[in-house]
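# Observations on chain architecture
Each chain, letter by letter, is given below.
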Amino acid sequence: MHDLNYFRDNLDVFADMAKKRNMTLDLDAFRALDKERRELITVNEQRKAQRNKASDEIARLKKEKQNADALIAEMKQVSESIKRSDERIEEFEALQRELLLAMPNVPHSSVPVGTSAADNVEIRRWGAPPKFEFTPKPHWEVGERAGILDLAAATKITGARFAVYKSWGARLERALANFFLDVHTREHGYTEILPPFLVNTASLMGAAQLPKFAGDLFKLEGTDFWLTPTSEVELHNLYRDETVPEEKLPIHVTAWTACFRSEAGAAGKDTRGILRQHQFQKVELFKFTHPEKSYEEHEALVRNAETILQKLGLHYRTVLPSSNEFREISSCSNCEAFQARRAGIRFKPKGGGKSDFVHTLNGSGLAVGRTWIAMVENYQQADGSILVPEALRPYMGIERIPASS
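## Regarding the side chain of T257
Looking at the secondary structure, you find T257 in strand β7 (residues 251-260). According to the relative accessible area criterion, T257 is buried, its value standing at 0%. The residues touching T257, leaving out its near neighbours within four places in the chain, are P195, F197, S231, E234, F280, Q281 and K282.

The following block contains the structure:
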């Protein structure tokens, strides 16, 4: 959420942001609304001053046994005007808040402008894709052949975009999550959290999931509960409406949860396999930082995610052999004060002074299902078996998932 004064004073910045994001913003309507609101506040303050002055005059007239009925009647009308104006001002402020809640964050100046993933700027790569002496298969074929993935059963149980992991496939999903959490807590200094998988509307609003992404969420009928779309929501709201001592920063937390998304905007996309699911598991990394340290912390966050891929021997921006294109396995973001302002998360300077909003950062560390895909596709063998990288063998108990289970 943006500060109203900043938004008002930098409408050109938001107009430029909207143009780059290919979105429509009615800034003229905001200007008109804001102008009317401020003019109404000025007039209403004048009425209140008039009423205060009249109150003193009424008291004086009564004290002197003079008739104050006319002035009392006049002030009654003024009070009614003040009340109507206050209600109108509240309506204007509610409209402004709705606008600001729906307004996306302004991308950092370093973010490239583009219309598709093809316009992304590559920063670095690590490793190289495997070389196969056979034609590699997509993960759903490898998984079905090895008896570790059953999409037909999931469709029968629930519907499309769900998966049933079986035998070593279920073990692989669990092993990856445990491995991620162990690395992040033991080597990277994160505190593990196990939060609820249901969140309320206030939490989603605070994390900027609502109102923008309402169509991509699942809500429990007749309740204020929603299935969590990402544990970023829960971790962010750990400190909602709190002021944290500066010396406590930075705060690093991580959580494994199932995540639930309707994928409303992905109709017809990635319908094969488990790349885009209504339910998936993810290990999330989250940081509360001092504003002056947030970009330093952001680079460390990215490196934390990269470390997992390095340990698993998976090259960055992994090319899935079946589709020969890059897929996102982690997205690391510095939201600066955008989320903290929505949720009222501040820090108190240790030297005293006015509290300020923390900066929040989040990233996948990693998406378990997409790592599962990368493992199965990059470590598949000609006989249908799947090699287990050395770092994961203590969690799996085997060196190779057999061709059939």
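## Some details on the packing of aromatic side chains
Tallied over the full model, the rule gives 10 aromatic pairs. Plain terms: the ring middles of F7 and F30 are 4.8 Å apart, the flat faces sit at 85° to each other, and that makes the pair edge-to-face. Here F7, found in helix α1 (residues 4-9), pairs with F30, found in helix α3 (residues 27-63); they are 23 residues apart in sequence, far enough to count as distant. An aromatic cluster is defined as three or more aromatic residues linked by ring pairs; in this entry it consists of Y6, F7, F14 and F30.

## Let's talk about the packing of helix α7 (residues 168-186) against helix α12 (residues 368-378)
Contact geometry of α7 with α12 gives a least axis separation of 10 Å together with a crossing angle of 115°. With respect to the hand of their crossing, α7 and α12 are arranged in right-handed fashion. Of the residues in α12, those touching α7 at G169, L172, E173, L176, A177 and F180 are V368, G369, T371, W372, M375 and V376. Its residues placed into classes, the contact of α7 with α12 shows 8 nonpolar, 3 polar and 1 charged.

## Regarding the nonpolar core
Counting residues in each nonpolar core, the largest one holds 37 residues, and the members touching the most others are L172, L176, F180, L312 and L392. Only α5 (139-146), α7, α10 (294-312) and α12 provide two or more residues apiece to this core. Top element by residues in this core is α7. It accounts for 8 residues. Not counting residues up to four positions away in its chain, the partners in contact with F180 are V283, I308, L312, G365, L366, V368 and T371. Y239, F288, A337 and V358 belong to the second largest nonpolar core, which has 16 residues in total.

Conventions adopted
- Residues numbered from 1 in each chain as written.
- Predicted model: local features only at pLDDT ≥ 70, side-chain atom pairs only at ≥ 80, totals over all residues.
- Heavy atoms only, no water.
- Helix = DSSP H or I, 4+ residues; strand = E, 2+ residues; numbered from the N terminus.
- Buried < 20%, exposed > 50% of the residue type's maximum accessible area, 1.4 Å probe, protein only.
- Contact = heavy atoms within 4.5 Å.
- Phe/Tyr/Trp six-rings, centres within 6.5 Å; stacked < 30°, edge-to-face > 60°.
- Axes fitted to C-alpha atoms, helices over the stretch in contact; angles between N-to-C directions.
- Left-handed = near helix turned anticlockwise from the far one by under 90°.
- Nonpolar A, V, L, I, M, F, W, Y, C, P; charged D, E, K, R; others polar.
- Core = buried A, V, L, I, M, F, W, Y, C linked by side-chain atoms within 4.5 Å.

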